[in-house]
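Single-letter residue listing:
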Amino acid sequence: MIYLLVLVLLLILTIRYDINGRTEYRDEWYNVVLVILILIAGLRFRLGEDTISYIYMFYHNTPDVSDLDVDFLLDSDQPPLWILLTSIIKTIGGKFFVVQLIEATFVNTLILRYFKKHSPYPFACTAMYFFWRYQWYSMVVMKAAIALSLVLFANDFFLEKKYKKGILLIFIATGFHQSSILLIIIPFLTFLRFNLLGVSLLIGAYIFSAFLQSMLGDVFQLLEFSDGMSNKLDNYLDSDYVTQVHNVNYFVARFFPLLFYPITSLLYIKQKCKDSTILKLEPFLMVGLIFQVMQFNIHISYRYVYIYLFYFIIFMVHFFIEFAKKSLWLTKSIAYVRSFVFFLPFVASTAFFYSMMDVSFNPYSSVIERSIDKGRENYYKEIKYDYSLNKDEY
């Protein structure tokens, strides 16, 4: 219920400020939304699959700061800056929900700030983010979410040709998630556009990923940064996260929408909104599309797709609102209904594959009342997240 209430609030604010153009208390309401998103994620109790393992690691495998050394940081399968963060909090007597609050504050502050910086429709962007991937970034991939929120601003530095600052942020992001280091190539991709070369690269990415599907193990052997990293890669190689056979239904329902709608949005904006400042973000939309194409053959590419989903959001929201605004012969309400109908397949795909009502997130439970949902706990056991339940560990 709490998720639906927040979604309704975001839609109301979208209509008031993004669609109707009101300005009174606009910034104040944006800050209220930010606080709400932080508190929902930061004060959650046993919500999100990875959270369960994070809790166990925090209380049972995280050393005090005094016991940390370079060898431990390099040999651990956990990223060094994440170990340092959790170790400091544990050393000063903090509970795990303090880690959650810090992560939720850092990630959501940067994401909402990014929307506000680049989109004239930040409430609509936030609404789509909340409906689509908020729970994933704030309650599941905590380490990766910190990294990706840093990468967003590194991308801005690369656009501004401030390469040293951008590379520094990439290295800091790598300290929270090792895969971020591969994004050091981004400064060389800012030329990308959706033109003949861009389309050729998309096709080439699909062919290349299909080729890698048969030899990915050999490629990953070149990336053994540490024993911990090697073990993690070996686990991925033995799982469906690396290579995955998809049928036509998967392509139509899940894969195709994440190509069609961003590309359609980009083409519309380039044709009808030629002066829009978001067009400078086109290279990063293209990078996201390249990783999305690769994901069809190599599922682990999703790690990079979810960095660039924010550009998908910015472009799709812009298209949705501008497509309605530029309807000269339709009434305002009918124009927005038309836009919604056009996006309905995307909404349906998102609701089905990324449901806010997933058992790992719903019903909501907070560290204040610490209620236990038996269905959720049974689900964790089924997916082998059967860590001992201890209400005092939160």
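Residues numbered from 1 in each chain as written. Predicted model: local features only at pLDDT ≥ 70, side-chain atom pairs only at ≥ 80, totals over all residues. Heavy atoms only, no water.

### Concerning the overall build of the protein chain
Step number 1: For the protein chain, the helix and strand inventory stands at 19 helices and zero strands.
Step number 2: In the protein chain, 76% of the contacts between residues at least 6 apart in sequence involve partners at least 24 apart.
Step number 3: Of the roughly 18500 Å² of accessible surface on the protein chain, 64% is carried by carbon and sulfur atoms. (Helix = DSSP H or I, 4+ residues; strand = E, 2+ residues; numbered from the N terminus. Contact = heavy atoms within 4.5 Å. Areas by Shrake-Rupley, 256 points an atom, 1.4 Å probe, with all protein chains shown as cover.)

### Section: the packing of aromatic side chains
Step number 1: Going through the model one piece at a time under the given rule, you end up with 39 aromatic pairs.
Step number 2: Considering the side-chain rings of Tyr3 and Tyr364, the 6.3 Å spacing of their centres and the 85 degrees angle between planes classify their relative orientation as edge-to-face. Within this pair, whereas Tyr3 is found in helix α1 (residues 2–19), its partner Tyr364 is found in the loop between α18 (332–353) and α19 (374–382), the two being separated by 361 residues in sequence.
Step number 3: Look at Tyr364 and you get partly exposed, because its relative accessible area is 22%. (Phe/Tyr/Trp six-rings, centres within 6.5 Å; stacked < 30°, edge-to-face > 60°. Buried < 20%, exposed > 50% of the residue type's maximum accessible area, 1.4 Å probe, protein only.)

### A short note on the nonpolar core
Step number 1: Membership of the largest hydrophobic core comes to 115 residues, with the highest contact counts inside it found for Phe115, Tyr129, Phe130, Trp132, Tyr137, Leu183 and Tyr308.
Step number 2: Residue contributions to this core peak at 18 residues, all from helix α17 (residues 302–325). (Core = buried A, V, L, I, M, F, W, Y, C linked by side-chain atoms within 4.5 Å.)

### What to know about a nonpolar patch on the surface
Step number 1: Together, Met1, Leu4, Leu5 and Met357 make up an exposed nonpolar region whose accessible area comes to about 410 Å².
Step number 2: For Leu4, the position within the fold is in helix α1. (Patch = residues over 30% accessible without salt bridge, like charges linked within 9 Å, V, L, I, M, F, W, Y side chains within 5 Å. Salt bridge = Lys/Arg side-chain N within 4 Å of Asp/Glu carboxyl O.)

### Things to note about the confidence of the model for the protein chain
Step number 1: Counting all residues, the mean pLDDT for the protein chain is 86, and 89% of those residues have values of 70 or more.
Step number 2: Averaged pLDDT values for the elements of the protein chain fall to 40 in helix α13 (residues 227–237) and rise to 97 in helix α2 (residues 26–42).
Step number 3: A low-confidence stretch, residues 217–245 stays under pLDDT 50, and its non-local contacts, those more than four residues away or across chains, total 38 contacts. (pLDDT = per-residue confidence, 0-100.)

### Examining the packing of helix α7 (residues 122–132) against α18
Two quantities define a packed helix pair, namely the angle between the axes and the distance from one axis to the other.
Step number 1: Direction vectors running N to C along α7 and α18 enclose 40 degrees, while the axes themselves pass 9 Å from each other. Classed by the angle they form, the pair α7 and α18 counts as oblique. Note on element contacts: α18 touches α7 through Phe346, Val347, Thr350 and Ala351, opposite Met128, Phe131 and Trp132.
Step number 2: Here the contact of α7 with α18 is composed, by residue class, of six nonpolar, one polar and no charged. (Axes fitted to C-alpha atoms, helices over the stretch in contact; angles between N-to-C directions. Parallel < 35°, antiparallel > 145°, perpendicular 65-115°, else oblique. Nonpolar A, V, L, I, M, F, W, Y, C, P; charged D, E, K, R; others polar.)

### What to know about helix α3 (residues 49–60)
Step number 1: Counted at 1.5 Å a residue, the expected span for α3 with its twelve residues is 16 Å, and the 18 Å between its end C-alpha atoms agrees.
Step number 2: Elements in contact with the buried residues of α3: α5 (80–91), α6 (96–118), α8 (134–139), α9 (142–159) and α19. (Expected span 1.5 Å × (residues − 1).)

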